[in-house]
Amino acid sequence: MDVANKPYLGADIPKLGFGLMRLPRLHDPELQESASSAPAGDQIDLRQTAQMVDEFLEAGFSYFDTAYGYPGSELAIAKALVARYPREDYLLASKLPAWAGAKTAAEAEAMLTTSLERTGAGYFDFYLLHNLGQGRTKAFDDFGIWDFVQAQKRAGLIHHVGFSIHDGPEALEDLLKAHPEIEFVQLQINYADWDNPAQEARRKYEVARRYGKPVVVMEPVKGGNLVTLPTHIADLLRKANPGASLASWAVRFAASLEGVVTVLSGMSDLDQLRDNISYMRDFRPLSQAEHKTLEAVVDALKQLDLVDCTNCGYCLASCQQNINIPGIFEVLNMYLQFGNLDFAKGQYGWNTKVLGKAGAGACIACAKCEAVCTQALPIIERLKQARQLFED
Ligand SMILES: NC(=O)c1ccc[n+]([C@@H]2O[C@H](COP(=O)([O-])OP(=O)(O)OC[C@H]3O[C@@H](n4cnc5c(N)ncnc54)[C@H](OP(=O)(O)O)[C@@H]3O)[C@@H](O)[C@H]2O)c1
Ligand code: SF4
Ligand code: SF4
């Protein structure tokens, strides 16, 4: 099979998309200095990003997904992609987060202008209302953003309008009923969340299919969690196919679903990009035997009681105590998987004090983080668990 998909949204879109939320970061002090005059794109490794863009396009892929709210991402893609390739060579998506600080309709609408200015793209092939549900939809309703994006579509600044959502299947269905004009949805789909009651990926996918909406997949590797499996679980996959990367199982699972436009992989370096290209260039849907292997992996994962944090970082801005919530959960998961308390305590100190962040003990249980958590995690309770393990 070719990289091209059957046409959705009027184009043959290859099944692997480039998620621009986790671009490579600079470690070279010389590059850091030379890039530091750039506004918000300063920490992104532009040289590596440009090389990733080159190899991605060269391999026949075309879909890039950024957002107003991804720090530095729109500016980085302006330099690495927009300034270096003819506009018709790629498809670019961005997103409008009306709930993120806009106090008036004009401020919310201005996010589109800002995204267009930052990227220099002229128009967006795909434009999404970002992260609907859980109380955030109100901002889009109050500011009339649904009508605004349709008007911008008629004006040619947007080609296709969709939305992303982490809320449940009922919320998704209510939105699709209320807004039949929406052309596609972006959903978190991966094999671990397919039947996970906290995510209900399967039910959301089924709702989208029932309403005839093509799906763009986000977080196919669960933000990286599905490549850091405990050895005994990873071995199930390695035994089934010694040559396949752990990421390939996750990306291929999502790409195998009917109605999926493309799978956005949040690739953070060239090696990840090359790995993904290697199996998605000549994409093969999962076989029945491969599905069975993943079922065994999911059963084994259920035994671990890990924190389902995807390190999306959405909670960080809401924590006035400056607690490194995803950093703490990373350590907690490491401990729950490997049981090495001394090592975990060392890593905990690094992810909190050394990085200038507060630890779990600073939590005042205000629950502001829980209101925005994309995974609906019981953050306060899990922080208590971390405090008892690593601070007491
Ligand atoms: N609309 C929304 O609300 C929303 C929310 C989240 C994401 N998104 C979009 O969806 C995209 C994808 O989500 P995501 O970034 O969470 O993606 P993901 O593909 O689930 O996770 C990416 C992470 O997986 C790890 N990884 C290891 N090997 C890999 C490989 N071969 N290929 C890919 N990843 C590998 C990397 O983590 P390490 O580098 O740590 O190993 C990488 O940063 C985002 O970039 C963003 O564009 C949208
Ligand atoms: S509940 Fe704790 S971690 Fe969450 S925002 Fe409040 S202080 Fe921060
Ligand atoms: S705790 Fe929730 S919002 Fe925060 S990084 Fe993890 S998944 Fe994202």
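Everything below is about the structure printed above this text.
Residues numbered from 1 in each chain as written. Chains lettered and ligands numbered in written order. Predicted model: local features only at pLDDT ≥ 70, side-chain atom pairs only at ≥ 80, totals over all residues. Heavy atoms only, no water.

> So what exactly am I meant to see when it comes to the overall build of the protein chain here?
A tally of helices and strands in the protein chain yields 16 helices and 8 strands. For 392 residues, the compact-globule estimate of 2.2 N^0.38 gives 21 Å, and the C-alpha radius of gyration of the protein chain, at 21 Å, lies within 12% of that figure. Based on the C-alpha atoms only, the size of the protein chain along its principal axes is roughly 60 × 50 × 50 Å. Looking at the protein chain residue by residue over its 392 residues, the buried ones come to 54%. Residue pairs in contact within the protein chain that sit at least 24 positions apart in sequence constitute 75% of those at least 6 positions apart. By element, 52% of the accessible surface of the protein chain is carried by carbon and sulfur atoms, the whole surface being about 16,900 Å². (Helix = DSSP H or I, 4+ residues; strand = E, 2+ residues; numbered from the N terminus. Rg over C-alpha atoms; globule rule 2.2 N^0.38 Å. Buried < 20%, exposed > 50% of the residue type's maximum accessible area, 1.4 Å probe, protein only. Contact = heavy atoms within 4.5 Å. Areas by Shrake-Rupley, 256 points an atom, 1.4 Å probe, with all protein chains shown as cover.)

> Sorry if this is basic, but what is going on with the site of ligand 2 here?
Taken together, 13 residues form the shell around ligand 2, and within it Cys 319, Cys 363, Cys 366, Ala 367 and Cys 369 come nearest. Counting atoms within 2 Å of the grid points, the majority share of ligand 2 lands in the largest cavity. (Near = heavy atom within 4 Å. 1 Å grid on protein atoms, 1.4 Å probe; cavity = no way out; pocket = protein on both sides within 12 Å on 5 of 7 lines; lining within 4 Å. Sits in = over half its atoms within 2 Å of the grid points.)

> Would you mind going over unusual backbone geometry with me for this structure?
Most peptide bonds take the trans form, and the phi angle of most residues other than glycine is negative. Of note, the phi angle at Glu 200 is positive, near 50°, even though the residue is not glycine. Relative to the helices and strands, Glu 200 resides in the loop between strand S6 (184-188) and helix H8 (201-210). Overall, the relative accessible area of 24% leaves Glu 200 in the partly exposed class. Here the phi dihedral of Ala 367 falls at roughly 70°; this positive angle occurs in a residue that is not glycine.

> Just to check I follow, could you spell out helix H9 (residues 231-240) for this structure?
Along an α-helix, residues three or four positions apart point the same way, because every turn accommodates 3.6 residues. Considered for burial, the residues of H9 that qualify are Ile 233, Ala 234 and Leu 237. Around the axis of H9, the buried residues are gathered within 100° of arc, so they sit on the same side. Turned more than 90 degrees from where H9 packs its buried face, His 232 and Lys 239 sit exposed. Taken together, the buried residues of H9 touch helix H10 (246-255) and helix H12 (288-302). (Arc of directions from axis to C-beta.)

> Honestly, empty space enclosed by the protein in this entry has me stumped. Any pointers?
One water molecule sets the probe size; rolling that probe over the atoms shows where empty space is left. Overall, the coordinates contain 2 cavities of 30 Å³ or more when judged by the stated rule. There is about 110 Å³ of room inside the largest cavity. What lines the largest cavity is a set of 13 residues, among which Cys 319, Gln 321, Ile 323, Cys 363 and Cys 366 lie closest to the centre. Its residues assigned to classes, the lining of the largest cavity comprises 10 nonpolar, 3 polar and no charged. Roughly 90 Å³ of internal volume is contained in the second largest cavity. Lining the second largest cavity are 15 residues; nearest its centre among them are Cys 309, Cys 312, Cys 315, Cys 373 and Leu 377. Broken down by element, the residue count for the lining of the second largest cavity peaks at 3 residues, all from helix H13 (residues 325-338). Within the lining of the second largest cavity, the residues separate by chemical class into 10 nonpolar, 5 polar and no charged. (Points joined across faces, edges and corners; volume = space filled by probe spheres on them. Nonpolar A, V, L, I, M, F, W, Y, C, P; charged D, E, K, R; others polar.)

> Hey, could you run me through the layout of surface pockets in this one?
By volume, the largest pocket is sized at about 1,100 Å³. For the largest pocket, the lining is made up of 35 residues, of which Pro 71, Cys 312, Gly 313, Tyr 314 and Leu 316 are closest to its centre. Residue assignment for the lining of the largest pocket shows that the elements contributing at least two residues are strand S4 (124-132) and helix H15 (368-372). A breakdown of the residues in the lining of the largest pocket according to their chemical character gives 19 nonpolar, 12 polar and 4 charged. By volume, the second largest pocket is sized at about 900 Å³. Those elements that provide at least two residues to the lining of the second largest pocket are H12, H13 and helix H16 (379-390).

> Whenever I open this one, the site of ligand 3 confuses me. Can you help?
For ligand 3, the set of nearby residues contains 14 residues, the closest of which are Cys 309, Cys 312, Gly 313, Cys 315 and Cys 373. In terms of residue count, H13 provides more of the shell around ligand 3 than any other element does, 3 residues in total. Looking at the shell around ligand 3 residue by residue, the classes come out as 9 nonpolar, 5 polar and no charged.

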